[in-house]
Structure formats: structure tokens, C-alpha cells
Amino acid sequence: MPLEEKVKDNVWKRFFKKSLILGMALTMPYSFAPFSPSLVPLAKAFTYPVVAGRVMGNWATNRPALEGIVKESIGAAAASPIIQYSMNKESELEAVLSPKYGKVAGEITSAAAYQTVVTPFSTLAHTTLNYGTGTGFWSKYKERLKTNLKWTTIPVIINLTLVKYYGRTAQLFTSGLITASFGYLQRAFGGQAKFSNLYRNMKKSLNPIPALREMYHSIFRPAQPQYGYA
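Report on the accompanying structure. (Residues numbered from 1 in each chain as written. Predicted model: local features only at pLDDT ≥ 70, side-chain atom pairs only at ≥ 80, totals over all residues. Heavy atoms only, no water.)

Let's shift gears to the overall build of the chain. What the chain contains, in helices and strands, is 8 helices and 0 strands. Put simply, the chain runs from its N terminus to its C terminus through helices and strands in the order α-α-α-α-α-α-α-α. (Helix = DSSP H or I, 4+ residues; strand = E, 2+ residues; numbered from the N terminus.)

This paragraph deals with the pattern of salt bridges. Once the charged atoms of two side chains with opposite charge are near each other, the side chains can pair. Taken as a whole and assessed by the stated rule, the structure comprises 6 salt bridges. Close ionic contact of Glu94 with Lys164 constitutes a salt bridge, the shortest N to O distance being 2.6 Å. Of the two residues, Glu94 sits in helix H3 (residues 69-101) while Lys164 sits in the loop between helix H5 (137-161) and helix H6 (168-189), which places them 70 residues apart along the sequence. Here Glu107 makes a salt bridge to Lys103, at a shortest N to O gap of 3.2 Å. You can see Glu107 and its partner Lys103 sitting in helix H4 (residues 103-131), 4 residues apart, about one turn around the helix. Judged by relative accessible area, Lys103 falls into the partly exposed class, the value being 48%. Through salt bridges with shared partners, one network takes in Glu94, Lys103, Glu107 and Lys164. (Salt bridge = Lys/Arg side-chain N within 4 Å of Asp/Glu carboxyl O. Buried < 20%, exposed > 50% of the residue type's maximum accessible area, 1.4 Å probe, protein only.)

This paragraph deals with unusual backbone geometry. Here the phi dihedral of Asn62 falls at roughly 60°; this positive angle occurs in a residue that is not glycine. Residue position: Asn62 is located in the loop between helix H2 (39-60) and H3.

In this section: H4. Between its terminal C-alpha atoms H4 stretches 41 Å, which fits the 42 Å expected from 29 residues at 1.5 Å a residue. Along H4, the sharpest kink reaches roughly 30°, centred on Val118 and followed within four residues by the proline Pro120. When we look at burial in H4, the residues that qualify are Gly106, Glu107, Ser110, Ala111, Tyr114, Gln115, Val118, Thr119, Thr123 and Thr127. Buried residues along H4 sit in contact with H3 and H5. Where H4 ends, the next residue or the one after it, Gly132, has phi of about 75°, a positive value. (Expected span 1.5 Å × (residues − 1). Bend = angle between axes of the 7 residues up to and from the residue. Contact = heavy atoms within 4.5 Å.)

Turning our attention to the packing of H2 against helix H7 (residues 195-205). Closest axis-to-axis distance for the H2/H7 pair is 7 Å, and the angle between their directions is 110°. Classified by the angle between their axes, H2 and H7 sit roughly perpendicular to one another. In this structure, the crossing between H2 and H7 has a hand that is right-handed. Of H7, the residues touching H2 (which contributes Met56, Trp59 and Ala60) are Asn197, Leu198, Asn201, Met202 and Ser205. When grouped by side-chain class, the residues that make up the contact of H2 with H7 number 5 nonpolar, 3 polar and no charged. (Axes fitted to C-alpha atoms, helices over the stretch in contact; angles between N-to-C directions. Parallel < 35°, antiparallel > 145°, perpendicular 65-115°, else oblique. Left-handed = near helix turned anticlockwise from the far one by under 90°. Nonpolar A, V, L, I, M, F, W, Y, C, P; charged D, E, K, R; others polar.)

Given below as C-alpha cells:
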């Protein structure tokens, strides 16, 4: 195969591969559409921030931007109805506690109960999805759970007590932002992620000109003579 054809083939293969990966990640929330259309906007509100957080984490650690985003999207989309259900139960608990102990006490207590139950479960699921259940699983889980509770408890309580007035979709979106931010902070404090890497790789990835120029040349590059004459 001539060099020009190889270049053209590689350019378009990379383009279609990246498009497929991104498309799969972005359409995952729509998997609820056939049996529960009302879950789709909630799944999108939670999944998209989580996927964006994964991309930012990849940039910050000098990894390919789309690495692992399909797996992250599957996990986030699957978790979104569980989070919604848990938030519904938290609201029910608040409705029971507030008349007895006051509005603020009811809100904070029910939010703390949500964090105590949901966070260990979600950390378990995410640890299993990303690290498997092999040797060292429980030590890894306990380490991540401790860090998770430390950094997310206050944002979660704020989400459940204040953001609730803007609707469940806003709460799912905020929950997705908390999840994404926590994932980034874990990498940053672990010494893996650097803001300088994030800025440099984001600037490089979001600049379409080099990719468009490469695709343009792969189509319109003039044929090169295979033989020279003295």
C-alpha cells in the first residue's frame, strides 16, 4: 500500500474509532428510553458530568482523552436510577423527621443517613468496576471509602438540602459533578494528576485545526511520483 493510502487509512480509522467511543458514551443514558423514558434526562444529568470528569482525569494524567469513558458511562447510567431512588427515600425520611425535630434537623439527619448508606455502596460498585475483586480489593475499597466520606459528605449534604429546590434533575447533575470532582481530586492528591498536564492536553485535544488539516491532506494530497528522472 502506498504511503499516502496508509496515512489516509490511519487518519479515518482514528476518526471513526474516536467517534464510536464518544457516541457510545453519550448515548448510554438513552438505554432507559424503551421501558422508562422519564429516567433518560436524569441519567443524562448524572452520566455526562461523570464522563467529562473522566476525560479531565485522563488529560491530567497524560492518558488518551477517551480512555475508559464507555465503562464510566455504563456505570454512571446504571447508577442513576439507584441514586434517584435513594434521593426519593431521603426525601421521605426528611418528611417524617422534620415535623418532629424541626426542618433543619430533619434535612441534615436524612442527608447524613443518605451519605451513610449510599456512599459505601457506590464506592463498592465503582471500586469493583475499575479494579476488579482480586488481591487487595478490600484494602483498596476501605481506602477509597474513607477518602470518599471525607471529601464528599459536605457537598452531598448541600446537594440534598439546598439544590433540591431546583428539582431532581439538578440534584442528579450536582451529584455527577461531585463524583467527577472527587475522582479528579483522588488522582491529584495521589500525585498522579497535574493541572499543568490538564491545561496542556485539554488545549491540544480541543484544538480541531491539526486534525482537520490532517484529514484534509489525506483527501486532497496530490499523488506523488514514484520514480524520479535524472
